[in-house]
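Chains, contacts and geometry: an overview
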Amino acid sequence: MLLNTVIFLPLAAAVILLLVPKGDARPAKAIALAGAVATFALSLAFLGAGPNASAQFSIPWITGALPASYHLRVDGISLFFVLLTTLVSVPAIWAAFSYADQRRLRGYLFLLLAFETTLLGVFTAGDLLLFYVYWDLMLIPVFLLLAGYTDSAAARRAAWGYLIYNGAGGLVLLLGIVGMVAVTRTFEVLGHSFAFSAAAEPWLFAAFALAFLIKTPVFPFHGWMPATYTQAPSPVVAMVAGVQSKAGLYGFLVFALPLFPNAAHRFAGPLVALGVISVLYGAFTALGQRDMKTLVAFSSLSHLGLVILALFAFDITSVPASILMVVSHGLIAAALFLLLGFIEERTRTRDLSAFGGLGARAPRLQVLMLIAAMAALGLPGLSGFAGEFLIFIGSWQTQPVATAISLLSVILATVYVLRVFQGAMNGPLSAPADARITELRPREGWLVAPLLAAMFWLGVWPAWLNDRTPTTVGSHEAQTAVPHKAQAIAESKVLSGLLGASETAR
Amino acid sequence: MMQLPAIDYAVLAPLIILVATGLLVLLVDLVSRQAARNVLYGLGVAGCAASFAASLPLSGRTVTTLSGAFAADRFSWGFDALLLLTLAVTFLLSSLKRAEDGGSPGSYAALLIFCTVGGMIMAGAANLIGIFLGVELLSLALYILAGTGYPRQASQEAALKYVLLGSLASGFLIFGSALLYGAAGSIALADLATAAASGAPLFVAGFGLWLVGIAFKLALSPFHTWTPDVYEGSPLAVTAFMAVAVKAATFSVLARFIYTVFQHDSAALIPVWALAILSMLVGNFGAVRQGNLKRLLAFSSIAQAGYIVLALSGVGSKGLSTMLFYLIAYGFMNLGAFATISLLGDGGEEYVDIEGYRGLFFRRPWVATWMTIFFASLAGIPATAGFIGKLLLLEQALGGGPWGIAMAATLILGTLVSFYVYFKVIYQMFLPAQGQAPQFAGNAAASWVAIAVGATGVMLLGIVPQAFYLAQPYLAAASR
């Protein structure tokens with residue numbers, strides 16, 4: 001019941017705020033924020049469960065030849081994705097209050113809250129069909145927010161780019177799911193293992209992988225990302241970059257790897273290569289950007305490339321570290337995009353060469369920006385460092401060359417992050433004529449604060465997260481399953497199986 | 001003395017009631033020239049209900065009458081129900097203030113009813129003559145209906161195009177039927193199976209010609225060229241009827257033919273698969289550039305017809321119920337979409353320009369929300385009937401060998417293109433209104449009822465598809 005409440009509370013708040021009469025935006029704001037905060041508070045209850053325990057809710061949904069169930073669950077992996085969603089949603093929704101046209105604010109908040117529900121659905125669905133339903137539904141609020149709540153032609157092009165890229169990924173995933181069902185005869189695949197034919201498994205894995213790589217995104221499937229991150233209003237980007245893009249890694253961890261372990265191993269090399277290319281391509285491209293949001297967008301590509309490297313290194317340290325890294329990156333990306341939004345509201349431009357030295361007028365903004373920037377470049381004591389460090393240590397064991405190349409990104413990140421921070425904050429004040437540089441308002445400070453606090457928390461105590469994520473992801477469920485072959489049992493102990501295989505290979 | 005076949009009137013009762021309703025409408029119109037058109041349409045809706053009630057005892061049964069020429073089984077029962085629902089909704093949309101009826105509501109209503117009778121004959125026809133009879137009855141009435149918006153030049157053009165190309169297609173159909181008869185020595189579909197197995201050239205030629213005729217009625221590419229013009233020119237309510245009823249009735253014919261005649265023989269069906277692939281591509285890519293909503297929905301119907309063919313691939317027991325599911329879903333979402341269009345313009349042709357929907361969401365949020373849901377369903381977004389339909393189609397096609405896989409891949413590509421097509425409309429509605437905002441004044445109760453019917457179907461089948469499976473014992477047969 002708690003699961004259903006957490007998932008649908010944002011949507012319920014969204015519907016309620018529509019009932020508020022038009023005109024005065026204040027009640028709608030109160031309802032939206034209360035809904036988001038209550039969802040976060042309730043989601044904390046999932047922490048009470050141990051590392052391998054999971055909250056469950058399951059009723060039959062479609063019976064017959066192809067059974068599917070309305071199955072929700074929170075386990076050691078999805079727990080942190082759920083918490084990330086509920087945490088990031090609060091500042092995102094709060095930040096949206098300052099949207100220029102207050103008469104249209106209700107629709108804006110409605111879509112953000114509906115988006116939160118679809119995200120929570122993705123991270124708690126225990127049935128592949130249910131997962132897909134939420135996966136595809138995520139597109140709609142983001143598309144509408146991009147189309148209806150921006151005012152430039154570029155933003156509307158971004159809306160189409162977002163829809164078509166992610167729609168393509170979703171449809172390929174659908175094809176993969178239907179192909180998979182032809183073998184499994186059920187959508188309830190979680191914790192079970194299936195024997196796919198050697199001819200079919202690579203294709204099915206490729207279909208799943210393509211969808212997840214587009215969502216993450218990873219080079220060369222990132223075509224939608226720069227425009228979306230640059231053009232969307234900052235609360236929307238905070239949720240898309242901070243939470244939605246994490247659904248890609250989540251899909252790999254929870255569905256693609258456990259279902260198709262053989263193919264995952266076979267494709268590990270190319271996927272690691274894509275990860276490394278993303279790391280370098282993202283970092284180098286970020287170096288050359290003048291638009292601050294585009295710069296952070298490409299830095300995002302770079303950081304998430306690292307996550308793909310960590311995952312497909314199949315190392316016992318790097319795989320759990322990839323979860324730490326995505327959660328950390330979600331916090332950092334959300335905080336950065338929200339802060340950049342505040343800056344843009346003041347300078348009326350995103351062009352880094354058009355303004356500078358804001359710190360002189362807005363010291364509090366400077367401090368918060370400093371924390372987020374340091375987390376982004378991996379300063380020890382903040383969450384970014386813990387994730388990267390563990391990834392490098394772990395990946396080095398199985399993919400030394402790729403890891404060595406990726407280490408370059410640490411230096412590049414320092415360069416581009418400091419360029420943004422120093423250019424925008426330090427030095428003499430300069431800004432366009434129509435800019436109104438003011439100090440950070442208390443609301444703006446408070447709304448970013450939880451994200452920054454979480455960065456410190458994970459930075460000084462990464463074990464808090466690591467101890468809760470099972471190192472043998474999925475295995476506890478696989479053991480209760482009825483596997484087809486003895487061979488499959490070993491492989492179904494997903495990560496432990498994968499890791500074991502890579503151990504013997506070494 | 002000639003032996004007359006025994007007639008089971010219980011089997012024909014739904015048809016007889018509907019024909020009687022049509023005659024009654026004409027009579028009332030004749031006797032009382034003043035009869036308000038809503039009375040006539042109300043009679044029509046009552047006739048639908050009576051006909052459906054008469055068909056209830058037949059549900060779940062399999063009987064034939066007229067010496068096996070006409071069948072009433074779970075397959076035809078599902079189609080009959082869909083056709084009657086479509087007719088009732090069409091009457092609702094026709095009753096709007098500015099709906100076009102050619103100035104003669106009596107004959108308009110009667111023609112719609114006879115159209116539906118034709119469709120029901122098609123759904124039950126078990127021989128070539130029965131099929132042709134149904135097709136002709138449906139088509140002839142529809143040629144006239146397409147022209148009932150005649151003060152508009154587009155409507156006259158639609159009627160003329162439809163009748164010229166439609167007669168040509170009928171020629172193919174009857175010529176093909178003749179050759180099939182020549183090859184098999186019988187007009188019964190069951191007897192054609194032997195000829196099909198032999199692969200005689202006469203049979204192949206006959207099937208080819210017959211298929212051209214059917215493909216024309218289904219608007220499968222490359223026989224689709226009439227569709228956009230006819231959809232655009234016909235009155236809105238007639239277009240809605242055309243999009244749903246004609247497609248459903250003709251698919252019932254194609255499905256029964258393929259299931260009865262071909263015994264898992266897929267080689268002869270390759271042309272059908274090729275038509276489906278072409279339709280999915282032409283329909284979706286063709287819709288991209290359309291600025292007129294009726295033309296857009298015409299291309300959409302071409303693409304959707306291509307999707308539905310997937311249900312026939314990999315001939316298996318599930319195919320028919322998959323097809324019926326998709327057709328029902330297609331019916332609900334199309335009727336819903338046409339109902340929202342008609343709501344805004346009170347049944348007139350005012351809101352067929354996509355650009356004209358700009359800002360609708362902020363003026364009429366509920367209308368825009370429902371329209372979004374219907375178009376999302378057409379695009380196959382989850383939590384709508386269109387999604388479950390596509391899921392079932394894909395599942396069916398992937399079991400259909402290389403052609404099935406090719407069709408599944410085309411469906412994915414076509415759906416991606418259709419995202420642009422359908423979201424283009426949704427996108428317009430969410431843009432802030434600019435300049436002189438349109439009135440969007442219409443608010444007729446009849447449209448809302450039609451929207452509610454469409455919305456209930458789309459949401460129910462999308463969220464609780466179980467509902468369809470519970471009805472399964474009464475719907476499309478799982479066996480031949």
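Everything numeric in this text was worked out from a predicted model, so none of it was measured. (Residues numbered from 1 in each chain as written. Chains lettered and ligands numbered in written order. Predicted model: local features only at pLDDT ≥ 70, side-chain atom pairs only at ≥ 80, totals over all residues. Heavy atoms only, no water.)

Digging into the overall build of chain A
Secondary structure summary: chain A contains 23 helices and two strands in total. For chain A, with 506 residues in total, the buried portion stands at 64%. If you take every contact in chain A between residues at least 6 apart in sequence, the share linking residues at least 24 apart comes to 81%. About 16400 Å² of surface is accessible on chain A, with carbon and sulfur atoms providing 68% of the total. Each charge class in chain A was averaged separately, 28 positive and 22 negative side chains, and the resulting centres sit 8 Å apart. (Helix = DSSP H or I, 4+ residues; strand = E, 2+ residues; numbered from the N terminus. Buried < 20%, exposed > 50% of the residue type's maximum accessible area, 1.4 Å probe, protein only. Contact = heavy atoms within 4.5 Å. Areas by Shrake-Rupley, 256 points an atom, 1.4 Å probe, with all protein chains shown as cover. Lys, Arg positive; Asp, Glu negative; His and termini not counted. Charge placed at Lys NZ, Arg CZ, Asp CG, Glu CD.)

Let's talk about the overall build of chain B
Helix and strand content of chain B: 19 helices and two strands. Taking 23 Å as the expected radius of gyration for a compact globule of 480 residues, we find that chain B reaches 21 Å, a close match to that expectation. Dimensions of chain B, computed from the C-alpha atoms along their principal axes, are close to 70 × 55 × 45 Å. Burial statistics for chain B: of 480 residues in total, 62% are counted as buried. For chain B, the exposed area adds up to about 15900 Å²; of that, 69% sits on carbon and sulfur atoms. On chain B, the mean spot of the 21 positive side-chain charges and the mean spot of the 18 negative ones are 6 Å from each other. (Rg over C-alpha atoms; globule rule 2.2 N^0.38 Å.)

A few points about the environment of B:T250
All names here are of chain B. Considering the arrangement of structural elements, one finds T250 in helix α10 (residues 236-261). The class of T250 is buried, set by a relative accessible area of 0%. Residues T250 and G134, spaced 116 residues apart in sequence, show a C-alpha to C-alpha distance of 9.5 Å. At 2.6 Å, the side chain of T250 and the backbone oxygen of V246 are in polar contact. (Polar contact = N/O pair within 3.5 Å; in protein donor to acceptor, adjacent residues only side chain to side chain.)

So, the side chain of B:S377
All names here are of chain B. Tracing the chain through its elements places S377 in helix α15 (residues 365-379). A distance of 3.1 Å separates a polar atom in the side chain of S377 from the backbone nitrogen of G386. The residues touching S377, leaving out its near neighbours within four places in the chain, are M333, T384, A385, G386 and V458.

Examining the interface of chain A and chain B
In this complex, chain A contributes 31 residues to the contact, which on the side of chain B involves 28 residues. Taken together, the two surfaces of chain A and chain B that pack against each other cover about 2900 Å², and 80% of this comes from carbon and sulfur. If you sort the residues of chain A by the area they bury against chain B, A:W160, A:L171 and A:L175 come out on top, with a joint share of 20%. For the interface between chain A and chain B, the tally reads one salt bridge. (Buried area = accessible area lost by both parts, 1.4 Å probe. Salt bridge = Lys/Arg side-chain N within 4 Å of Asp/Glu carboxyl O.)

Brief notes about the state of the cysteines
Residue and element names in this part refer to chain B. What the rule picks out here adds up to zero disulfides over all chains. Here C115 stays free of any disulfide, with the sulfur of C48 as its closest cysteine sulfur at 12 Å. Judged by relative accessible area, C115 falls into the buried class, the value being 0%. (Disulfide = S-S within 2.5 Å.)

Here's the deal with the pattern of salt bridges
All told, the structure shown has 17 salt bridges over all chains when counted by the stated rule. Its salt-bridge partner being A:E345, residue A:R441 comes within 3.6 Å of it at the nearest N-O pair. Remark: A:E345 occurs in helix α15 (residues 318-347) and A:R441 occurs in the loop between α18 (400-425) and α19 (442-460); sequence separation between them is 96 residues. A:R441 sits in the partly exposed class, given a relative accessible area of 39%. Beyond isolated ion pairs, a larger network of salt bridges with shared partners links B:E157, B:K161, B:D229, B:E232 and B:R295.

Overview of unusual backbone geometry
Only a minority of non-glycine residues have a phi that is not negative, and only a minority of peptide bonds are not trans. The omega angle of the peptide bond from A:F219 to A:P220 is 0°, so this bond is cis rather than trans. B:S221 connects to B:P222 through a cis peptide bond whose omega is 5°. Structurally, the position occupied by B:P222 is in the loop between α8 (201-218) and α9 (227-233). Of note, B:L66 is a non-glycine position whose phi angle comes to about 55°, a positive value. Even without a glycine there, the phi angle at B:S67 is positive, about 55°. Relative to the helices and strands, B:S67 is located in the loop between β1 (63-65) and β2 (70-72).

A word on the packing of helix α4 (residues 105-124) of chain B against α10(B)
Residue and element names in this part refer to chain B. Where α4 contacts α10, the axes come no closer than 7 Å and their chain directions differ by 20°. Considered as vectors, α4 and α10 are oriented roughly parallel to each other. Taken as a pair, α4 and α10 cross one another with a handedness that is left-handed. Every residue of α10 that contacts α4 at Y108, L112, C115, T116, G119, M122, A123 and G124 is listed here: A237, V238, F241, A249, T250, S252, V253 and R256. A breakdown of the residues in the contact of α4 with α10 according to their chemical character gives ten nonpolar, five polar and one charged. (Axes fitted to C-alpha atoms, helices over the stretch in contact; angles between N-to-C directions. Parallel < 35°, antiparallel > 145°, perpendicular 65-115°, else oblique. Left-handed = near helix turned anticlockwise from the far one by under 90°. Nonpolar A, V, L, I, M, F, W, Y, C, P; charged D, E, K, R; others polar.)

Thoughts on the packing of aromatic side chains
Summed over the entire model, instances satisfying the criterion amount to 56 aromatic pairs over all chains. Aromatic side chains A:F208 and A:F260 sit 5.1 Å apart centroid to centroid with 70° between the ring planes, which places their arrangement in the edge-to-face category. You can see A:F208 sitting in helix α8 (residues 200-215) and its partner A:F260 sitting in the loop between α11 (246-259) and α12 (261-266), a full 52 residues away along the chain. Taken together, a centroid distance of 6.4 Å and an interplanar angle of 20° make the contact between B:F207 and B:W210 stacked. Of this pair, B:F207 and B:W210 both sit in helix α8, separated by three residues, roughly a single helical turn. Here B:F207 falls in the buried class, since its relative accessible area comes to 5%. Lying over the aromatic face of A:Y149, A:R104 brings its terminal NZ or CZ to 4.6 Å of the ring centre. (Phe/Tyr/Trp six-rings, centres within 6.5 Å; stacked < 30°, edge-to-face > 60°. Lys NZ or Arg CZ within 6 Å of the ring centre and 35° of its normal.)

Looking at the environment of A:L340
Examined against the element boundaries, A:L340 turns out to sit in helix α15. Separated by 84 residues in the primary sequence, A:L340 and A:A424 place their C-alpha atoms 10.0 Å from one another.

Quick word on a nonpolar patch on the surface
On the surface, a nonpolar cluster with roughly 450 Å² of combined accessible area is contributed by B:L160, B:L164, B:L165, B:L168 and B:F172. Note on placement: B:L168 falls in helix α6 (residues 153-184). (Patch = residues over 30% accessible without salt bridge, like charges linked within 9 Å, V, L, I, M, F, W, Y side chains within 5 Å.)

A look at helix α2 (residues 26-43) of chain A
Residues and elements named next belong to chain A. Helix length check: α2, at 18 residues, gives a terminal C-alpha distance of 26 Å against a target of 26 Å (1.5 Å per residue), a fit within 8%. The set of residues buried in α2 consists of A28, K29, A32, L33, G35, A36, T39 and S43. The arc enclosing the buried residues of α2, seen along the axis, measures out at 150°, which places them on a common side. Lining the buried residues of α2 we find α1 (2-19), α3 (78-95) and α4 (105-124). (Expected span 1.5 Å × (residues − 1). Arc of directions from axis to C-beta.)

Section: the packing of helix α1 (residues 9-31) of chain B against helix α2 (residues 37-55) of chain B
All names here are of chain B. Running from N to C, α1 and α2 cross one another at 165°; their axes reach a closest spacing of 8 Å. Judged on the interaxial angle alone, α2 and α1 are roughly antiparallel. The hand of the α1/α2 crossing is right-handed. Across the interface between the two elements, A13, P14, I17, L18, T21, L24, V25, V28 and D29 from α1 touch L40, L43, G44, G47, C48, A50, S51, A54 and S55 from α2. Each residue belonging to the contact of α1 with α2 can be placed in one class, and the counts come to twelve nonpolar, five polar and one charged.

Describing the confidence of the model for chain A
For chain A, mean pLDDT is 86; residues scoring 70 or higher make up 92% of the total. Confidence drops under pLDDT 50 across residues 473-506 of chain A; counting only partners more than four residues distant or on other chains, this segment forms 50 contacts. (pLDDT = per-residue confidence, 0-100.)

Some details on the nonpolar core
Nonpolar side chains in soluble globular proteins tend to end up buried together. Residues A:F205, A:F208, A:F312, B:W210 and B:F375 are the most contacted members of the largest nonpolar core, which totals 371 residues. Ranked by the residues each element gives to this core, the list is headed by α10(B), at 20 residues. The contacts of B:F375, once residues within four sequence positions are left out, are B:L293, B:L296, B:L297, B:A337, B:Y422, B:V425 and B:I426. (Core = buried A, V, L, I, M, F, W, Y, C linked by side-chain atoms within 4.5 Å.)

Considerations on the side chain of B:T239
In this structure, B:T239 sits in helix α10. Setting aside residues no more than four positions away along its own chain, B:T239 makes contact with B:Y231, B:S234, B:K294 and B:F338.

Here's the deal with helix α6 (residues 139-148) of chain A
Taking burial as the measure, the ten residues of α6(A) include ten buried ones, the bulk of the element. Buried residues of α6(A): A:L139, A:I140, A:P141, A:V142, A:F143, A:L144, A:L145, A:L146, A:A147 and A:G148, and no others.

Structural notes on the pairing of strand β2 (residues 68-74) of chain A
Residue and element names in this part refer to chain A. The buried count for β2 comes to seven of seven residues, which makes it a mostly enclosed element. Here β2 shows no split at all, with A68, Y70, L72 and V74 on one side and S69, H71 and R73 on the other all buried. Across seven bridges, the pairing between strand β1 (residues 55-62) and β2 is antiparallel. Of the residues in β2, the one forming a bridge with I62 is A68. (Pairing = 2+ DSSP bridges.)

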